[in-house]
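# Topology and contacts: notes
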Amino acid sequence: MRHVQRPQVPQQPPRHDQGYNPNFTQAQASGYDSGYSTGQVYGGPQGRGGDGGGHGTVPPQYSPRPGGSGGGAPVDWRRRIKVGSVVLVVGVLAWGIGTYAWASSQMRGEVDLSKVIERPEEGDCTTYLIVGSDSREGMSAEEKKKLHTGSAEGKRTDSMMILAACSSGNTMISLPRDSWVTIPSFVGSESGKQFGPRGGSKLNAAYAMDGPELLVRTVEYNTGLRIDHYAEIGFAGFANIVDALGGVEMNIEKGFKDKKSGADFQAGQQTLNGEQALAFVRTRYAFAQSDLQRTKNQQKFLSALANQAATPGTILNPFTLYPTLGAGLDTLIVDKDMSLYDLGKMFFAMKGVNSGDGRSMNMPIAGSAPQGSLKWDMPKVKELVRQIQNDEKVTVTSDR
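An unreviewed UniProt entry lists the protein chain under the name LCP family protein, with Streptomyces gulbargensis as the source organism. Quoted verbatim from the Sequence similarities (unreviewed entry) field of UniProt, the annotation for the protein chain is "Belongs to the LytR/CpsA/Psr (LCP) family."

Next up, the structure:
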């Protein structure tokens, strides 16, 4: 038999990336597999003839990385915390900007103070004329009955206050609606016609004649104090704000009842809902001082309302903030130049009335006037206005 000589296959040394294997044979280098296993296999998922659990040398690309779990890279917690913080800040800013834009779009800037003529010069304090009207806008017959509002058409002023926000201290001054004043000449807000003065009228008649613009004009003419912003809220909006806040805590010093307003209060600390709050600020016939006592109750309640509304617990809680804003902005009427920021400043100024430098008072009264009205003490009024205009601490007192 003729002997056939196989061609010689040169031996190939192992590659450096395979690692050194002392059992590396010529047969293995040539790709020939005799079926005989020496027990030495490549470990790892791609080791030839192995199952990943052998004892051979593991290629570097499959070596587990130190510090990781399951062969992964180590977790950089500092980076994760930093990224999470940035995401949180961006989210809060987006929420805040969105809320501001939404609330601003809901504001009813319907009062045009540019129509008010012969205005006093600006002072050092920011002044607001805050008006509670008896508007029944948007109220159903059932709501009118529940809130004891009656069903009168149109709207009139139920309360009027000047809030002076000053660096020397905030002052809230109630203007009795029965104040005996002069309604000055004015330009009609709708007609644009010039009207002459009308002496000897109750203050609330100005609003009834030509609305907010004439009321501002009348207050400025009789006090000499420039009004920077106007804010008005109706019955429904007032009650809804209180309910959205979950009620307002009040300490009622002496109990009282009044069938017309629906008031029925016991003395002591209690939480008033919207219906009760409206009755509290509207009651006048249960008191010997009538409207003067009512204005004091209105100031007391508004301060308590501001203390509860202008807090982080309300502002930063969307489940309270959105219902409160929605309830108030539906019926809140402001001047065209008043922004949401200005409205916020007004609430915080109301809150500051009860601080050490703040105070609340009635417009100084000198006595009675015709038709059961009240005459202002003009020397005191002028001094009060001078102190506010110059941002001085208010020292004028109201005797009633």
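Time to look at helix α11 (residues 378-389). The terminal C-alpha atoms of α11, which comprises 12 residues, lie 16 Å apart, in line with the 16 Å expected from a rise of 1.5 Å per residue. Those residues of α11 not exposed but buried are Val381, Leu384, Val385, Gln387 and Ile388. Down the axis of α11, the buried side of the element spans an arc of 160°, and every buried residue falls inside it. Turned more than 90 degrees off the buried face of α11, the exposed positions are Pro379 and Lys382. Of the surrounding elements, those touching the buried residues of α11 are β2 (126-133), β3 (157-165), β4 (171-174), α4 (203-223), β15 (359-362) and β17 (373-376).

Turning our attention to the nonpolar core. Core analysis: the largest hydrophobic core is formed by 44 residues, its most contacted members being Leu163, Phe280, Phe301 and Met346. If you tally residues by element for this core, the top one is helix α7 (residues 291-309), at 6 residues. Those residues in contact with leucine 163 that lie beyond four places of it in its chain are Thr126, Thr127, Tyr128, Ile130, Thr171, Met172, Met346, Ala349, Met350 and Val353. One finds Leu113, Leu129, Val181 and Ala206 within the second-largest nonpolar core, a separate group that totals 38 residues.

What the rule picks out here adds up to 7 aromatic pairs. For the ring pair phenylalanine 238 and phenylalanine 301, a centre distance of 5.4 Å and an interplane angle of 50° mean the geometry is tilted. Here phenylalanine 238, found in helix α5 (residues 235-244), pairs with phenylalanine 301, found in helix α7; they are 63 residues apart in sequence, far enough to count as distant. Overall, the relative accessible area of 0% leaves phenylalanine 301 in the buried class. Taking the centre distance of 5.3 Å and the plane angle of 55° together, the rings of phenylalanine 256 and phenylalanine 265 count as tilted. Within the aromatic cluster, the residues linked to one another by ring pairs are Phe238, Phe256, Phe265, Phe280, Phe287 and Phe301.

This part is about the environment of proline 364. Take proline 364: it is sitting in the loop between β15 and β16 (365-369). If we skip the residues at most four places from it in the chain, proline 364 touches Lys375, Trp376, Asp377, Lys380, Val381, Leu384, Val396, Thr397 and Ser398.

Another aspect to go through is the pattern of salt bridges. One pass over the full model with this rule turns up 9 salt bridges. A salt bridge links arginine 386 to glutamate 383; the shortest N-O distance between them is 2.9 Å. Taken together, the residues span about one helical turn, with arginine 386 and glutamate 383 both in helix α11 at a distance of 3 residues. The partly exposed category is assigned to glutamate 383, whose relative accessible area is 30%. Linking glutamate 392 and arginine 386 is a salt bridge whose minimum nitrogen-to-oxygen distance equals 3.1 Å. We classify arginine 386 as partly exposed; its relative accessible area is 33%. Salt bridges sharing partners connect three or more residues here, namely Asp178, Lys202 and Arg284.

This brings us to the state of the cysteines. Evaluation of the coordinates by the stated rule reveals 1 disulfide. Here cysteine 125 is linked by a disulfide to cysteine 166, with a sulfur-sulfur distance of 2.1 Å. A torsion of 120° about the S-S bond marks the disulfide between cysteine 125 and cysteine 166 as right-handed. Taken together, the residues cysteine 125 in the loop between β1 (108-111) and β2 and cysteine 166 in the loop between β3 and β4 connect sequence positions 41 residues apart.

Considering the arrangement of structural elements, one finds asparagine 297 in helix α7. If we skip the residues at most four places from it in the chain, asparagine 297 touches Phe280 and Phe287.

Each value, and the rule that gives it
Residues numbered from 1 in each chain as written. Predicted model: local features only at pLDDT ≥ 70, side-chain atom pairs only at ≥ 80, totals over all residues. Heavy atoms only, no water. UniProt positions renumbered as here; feature names shortened; annotations may be inferred. Helix = DSSP H or I, 4+ residues; strand = E, 2+ residues; numbered from the N terminus. Expected span 1.5 Å × (residues − 1). Buried < 20%, exposed > 50% of the residue type's maximum accessible area, 1.4 Å probe, protein only. Arc of directions from axis to C-beta. Contact = heavy atoms within 4.5 Å. Core = buried A, V, L, I, M, F, W, Y, C linked by side-chain atoms within 4.5 Å. Phe/Tyr/Trp six-rings, centres within 6.5 Å; stacked < 30°, edge-to-face > 60°. Salt bridge = Lys/Arg side-chain N within 4 Å of Asp/Glu carboxyl O. Disulfide = S-S within 2.5 Å.

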